[in-house]
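Coordinate analysis (summary)
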Amino acid sequence: ETKLAKINQFLMQFLKSLVFNIFLYVGLIAIFILAIPTLFLPDKFTLFFGRFSAKYIIFLLKIILNTKVEFHGLDNLKKVEHYFVASAHQSMFETFALQIPLDSPIFILKKELLKIPLFGWYLKKIGSIDIVRETTTKENLDFFDKIKSKIEINKRPLLIFPQGTRVRFNEQPPFKKGVGRIYNSLNLPCIPVALNTGKVWPKNSFMMYPGNIHISFLEPIMPGKDKIDFVKEIEDKIYSEIKRFI
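In what follows, the accompanying structure is described.

Reading the values: the criteria
Residues numbered from 1 in each chain as written. Predicted model: local features only at pLDDT ≥ 70, side-chain atom pairs only at ≥ 80, totals over all residues. Heavy atoms only, no water. Salt bridge = Lys/Arg side-chain N within 4 Å of Asp/Glu carboxyl O. Helix = DSSP H or I, 4+ residues; strand = E, 2+ residues; numbered from the N terminus. Buried < 20%, exposed > 50% of the residue type's maximum accessible area, 1.4 Å probe, protein only. Axes fitted to C-alpha atoms, helices over the stretch in contact; angles between N-to-C directions. Parallel < 35°, antiparallel > 145°, perpendicular 65-115°, else oblique. Left-handed = near helix turned anticlockwise from the far one by under 90°. Contact = heavy atoms within 4.5 Å. Nonpolar A, V, L, I, M, F, W, Y, C, P; charged D, E, K, R; others polar. Pairing = 2+ DSSP bridges.

1. Points about the pattern of salt bridges
- As enumerated under the stated definition, the model contains eight salt bridges in all.
- For the salt bridge of aspartate 236 with lysine 232, the shortest nitrogen-to-oxygen distance reads 2.8 Å. Within this pair, aspartate 236 and its partner lysine 232 are both found in helix α9 (residues 227-243), separated by four residues, close to a single helical turn.
- For aspartate 236, a relative accessible area of 35% gives the class partly exposed.
- Residues glutamate 233 and lysine 237 are paired through a salt bridge, measuring 3.4 Å at the closest nitrogen-oxygen approach. Of this pair, glutamate 233 and lysine 237 both sit in helix α9, four residues apart, which is roughly one turn of the helix.
- Overall, glutamate 233 belongs to the partly exposed group, its relative accessible area being 23%.
- Each member of the salt-bridge network shares a partner with another, and the members are Lys225, Glu233 and Lys237.

2. Considerations on the packing of helix α1 (residues 2-34) against helix α2 (residues 43-65)
- Between α1 and α2, the least distance of the axes is 10 Å, while the angle of their chain directions is 160 degrees. By the angle class used here, α1 and α2 are roughly antiparallel. Both α1 and α2 take part in a crossing whose hand is right-handed. In this structure, α1 uses Gln13, Lys16, Ser17, Val19, Phe20, Phe23, Leu24, Gly27, Leu28, Ile31 and Leu34 to contact α2, whose residues at the interface are Phe49, Phe52, Ser53, Tyr56, Ile57, Leu60, Leu61, Ile64 and Leu65.
- Of the residues contributing to the contact of α1 with α2, the split by class is 15 nonpolar, four polar and one charged.

3. Side note on the sheet that holds strand β4 (residues 129-131)
- What the seven strands build is an open sheet, ordered β1-β7-β6-β2-β5-β3-β4; its pairing is mixed. In the strand order of this sheet, the two ends are held by β1 (69-72) and β4, each with one partner. On average, each strand axis in the sheet is tilted by 20 degrees relative to the strand beside it, whichever way the strands run.
- By the bridge criterion, three bridges tie strand β3 (residues 106-110) to β4 in an arrangement that is parallel. Counted as the bridge partner of leucine 109 is aspartate 130 from β4.
- With respect to the sheet, helix α7 (residues 178-186) is in contact with β2 (84-87), β3 and β5 (158-160), its orientation differing from that of β2 by roughly 170 degrees.

Have a look at this one:
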């Protein structure tokens, strides 16, 4: 009977995941098509569709999977006027969801993403900053100057994922050293973000799992620290907070 119950539970979760994925991708394709005119309009129209996509996904999570998305520590975003955000990265979900509380951040992303039809065009339109990873190229030499210039012009917070790529919920790889260089270069407070998205929506997985999604904005880390000390501090803070979601 226990084995039968487990099979039934798996089948139910599989069906929910199937329905969720169908509505997710059909809906996103429809939104991307509707947003095509914004490629020829001011950035704010494209940014609106980015936030709309996030709200659509949150709606699907609630209706189909009975998953609530909870943002914690939003008051920490009000403690400093200008800042950048360094977030854990476990799922594609946070790339959408963080656009809501951060009011359309500027992304740093892999250059290859800009080549994806429609999606890549939108990323470029909203001022995303691309980098060729793990290499020293002519394009990467002015990378930090490019970041500083973008956020000064756009007046939007920078969002980075210092793990470098999506990781599983229970993985804790060391953060990339580049986050320390960004911290020194910008001379701005950093707001760390811890989350458990990979517990519900694992990377490269068709299956979705029961539970609620928690996204926590932690206390700002003020500028002026040694970059190595900063990387260690932000890594410790984020991983300590993630343990609370286990």
